[in-house]
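Coordinates in review
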Amino acid sequence: MKKILIIHTGGTISMQEDKRSGTVSTSSEHPLSNSASLFNHDAHIEEDFLFNLPSPHITPAHMLELGRRIHDKLAAGNFDGVVVTHGTDTLEETAYFLDLFLQTRKPIVVTGAMRSSNEIGSDGLYNLISSVRVANTDEAQDKGVLVVMNDEIHTAKNVTKTSTSNVATFQSPQYGPIGIITKQEILFHQKLISYESYPIQQLTKNVALVKAYAGMEGSLIRAIHSTGISGMIIEALGQGNVPKDILPALQEILDDDIPIILVSRCYQGIVQATYMYDGGGRQLRDMGIIFANGLTGPKARIKLMVALELTNNLTELAPMFE
Ligand code: ASP
């Protein structure tokens, strides 16, 4: 029988609703602890209560601690798969960090809930059971970190929270889920074609994330620059263009040897150096801005934080993103 470790970190899946006020908050005892007896499958379950935090309180330091905990537990050799319960707000950032940090073939599944444990139609226990079933499946190996919610299996790299409250919130807009969960089966229909992993010891770099908008001026970029950042992510317009007024401020950042990574604020499609006008993608790439494909702004930020622990040399950073 396989051994699956569940690591709890908090989030709505660990919360309860106050029936009078309708507010949702953390409870001292995890409402799903010891539910293992309800899991109708062949796995031995062990639980670890690492944090009890709403996910907006999760920091990169927590992510690294969680990554180390998983690494150590797997290295000790006695688990076949791991399920992490997490708040949904920053779930995709933690899942993607784990994807970059861990070097394992074993299934690592991250899950959460949109409705707390005592709400009607709560999805917490259901998602937890689905996640344990996925982690207990041989086919879930070699797929990187997975996110399981609402009968779907997504890759940590592609998944994003798309709705504030709908239980079908987690989607992979560009590619769809890589598998589905039915009452009887776990069905994968996509393979992972690339895998990357970065052996880092710390996660300390300050990387800012900025969204471009019509009429944007350089003052905001300069203000952020003056805080002492190690890198900047720009969620650019369309295929990778920005308002021309921010160009001098971006150049000042590059002149300080601070890397700028560009993604699109569109949630589908890729960024490419197409346009030659002022602020167009071709000009940005010629300035030395790195184009990153297939990542949202928050995930590009996690990746740059990880990458900067290894190098801040632009020539070494570029191939990690392009
Ligand atoms: N605000 C909650 C959190 O991320 C939402 C959730 O868990 O679904 O902690």
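Criteria and thresholds
Residues numbered from 1 in each chain as written. Predicted model: local features only at pLDDT ≥ 70, side-chain atom pairs only at ≥ 80, totals over all residues. Heavy atoms only, no water. UniProt positions renumbered as here; feature names shortened; annotations may be inferred. Helix = DSSP H or I, 4+ residues; strand = E, 2+ residues; numbered from the N terminus. Contact = heavy atoms within 4.5 Å. Salt bridge = Lys/Arg side-chain N within 4 Å of Asp/Glu carboxyl O. Buried < 20%, exposed > 50% of the residue type's maximum accessible area, 1.4 Å probe, protein only. Pairing = 2+ DSSP bridges. Axes fitted to C-alpha atoms, helices over the stretch in contact; angles between N-to-C directions. Near = heavy atom within 4 Å. Polar contact = N/O pair within 3.5 Å; in protein donor to acceptor, adjacent residues only side chain to side chain. Areas by Shrake-Rupley, 256 points an atom, 1.4 Å probe, with all protein chains shown as cover.

- Naming follows an unreviewed UniProt entry, where the protein chain appears as asparaginase of Sediminibacillus halophilus.
- Per UniProt, the protein chain has the following entry under Catalytic activity (unreviewed entry): "L-asparagine + H2O = L-aspartate + NH4(+)".
- UniProt lists a comment for the protein chain under the heading Sequence similarities (unreviewed entry), and it reads "Belongs to the asparaginase 1 family."

Structural notes on the side chain of Ser131
- One can find Ser131 in helix α3 (residues 124-135).
- Not counting residues within four places of it along the chain, the set of residues in contact with Ser131 comprises Val83, Val109, Thr111 and Val148.

As for the UniProt feature "active site" (unreviewed entry) in the protein chain
- With numbering matched to this structure, UniProt assigns "active site" (unreviewed entry) to Thr12 and Thr88. Across 77 residues of sequence, these annotated residues stay compact in space, with a maximum C-alpha separation of 7.6 Å.
- On the secondary structure map, Thr12 appears in the loop between β1 (2-8) and β2 (15-17).
- Every residue in contact with Thr12, bar those within four places of it in the chain, is listed here: Gly87, Ala113, Met114, Arg115, Ser116 and Ser117.
- Mapping Thr88 onto the fold places it in the loop between β5 (81-85) and α2 (91-101).
- Ignoring sequence-local partners within four residues, the contact set of Thr88 consists of Ser55, Gly112, Ala113, Met114, Met149, Lys161 and Phe170.

Description of the pattern of salt bridges
- Scanning the entire structure with this criterion turns up 9 salt bridges.
- Between Lys3 and Glu46 there is a salt bridge; the shortest N-O distance is 3.6 Å. Residue Lys3 is found in strand β1, and its partner Glu46 is found in strand β4 (residues 43-49); the two are separated by 43 residues along the sequence.
- Owing to a relative accessible area of 23%, Lys3 belongs among the partly exposed residues under this scheme.
- By relative accessible area, which is 32% here, Glu46 ends up partly exposed.

Some points on the sheet that holds β5
- Strand order in this open sheet of 8 strands is β4-β1-β5-β6-β7-β8-β11-β12, and the pairing throughout is mixed. Of all strands in the sheet, those with a lone pairing partner are β4 and β12 (186-188), marking the two edges. Neighbouring strand axes in the sheet, compared pairwise and without regard to direction, differ in orientation by 25° on average.
- Pairing geometry for strand β6 (residues 108-111) and strand β7 (residues 145-149), over 3 bridges, is parallel. Following the sheet pairing, Ile108 is matched in β7 by Val145.
- Strands β5, β6 and β7 of the sheet are contacted by α2, whose axis makes an angle of about 150° with β7.

Some remarks on the site of the ligand
- Neighbouring the ligand are Gly11, Thr12, Pro54, Ser55, Pro56, Gly87, Thr88, Asp89 and Ala113.
- With respect to the ligand, the side chain of Thr88 contributes an N or O atom lying 2.5 Å from an oxygen atom.
- Within the side chain of Asp89, an N or O atom sits 2.8 Å from a nitrogen atom of the ligand.
- Protein coverage of the free-state accessible area of the ligand, which is 260 Å², stands at 85%.

Some details on the environment of Gly144
- The topology assignment puts Gly144 in the loop between α3 and β7.
- Assessed through its relative accessible area of 10%, Gly144 is described here as buried.
- C-alpha separation for the pair Gly144 and Leu32, spaced 112 residues apart in sequence, amounts to 26 Å.
- Excluding anything up to four places from it in sequence, Gly144 contacts Asp99, Ile108, Leu192 and Tyr195.

Quick word on the pairing of β7
- Along β7, 5 of the 5 residues are buried, which leaves the element largely enclosed by surrounding structure.
- On β7, burial covers both faces: Val145, Val147 and Met149 on one face and Leu146 and Val148 on the other are all buried.
- Bridge count for β7 against strand β8 (residues 152-155) is 4 bridges, and the pairing is antiparallel. Directly across from Val148, in β8, lies its bridge partner Ile153.
- Taken together, β7 and the strand that follows it, β8, pair antiparallel across an intervening segment of 2 residues, in which Asn150 is found at a positive phi of about 55°.

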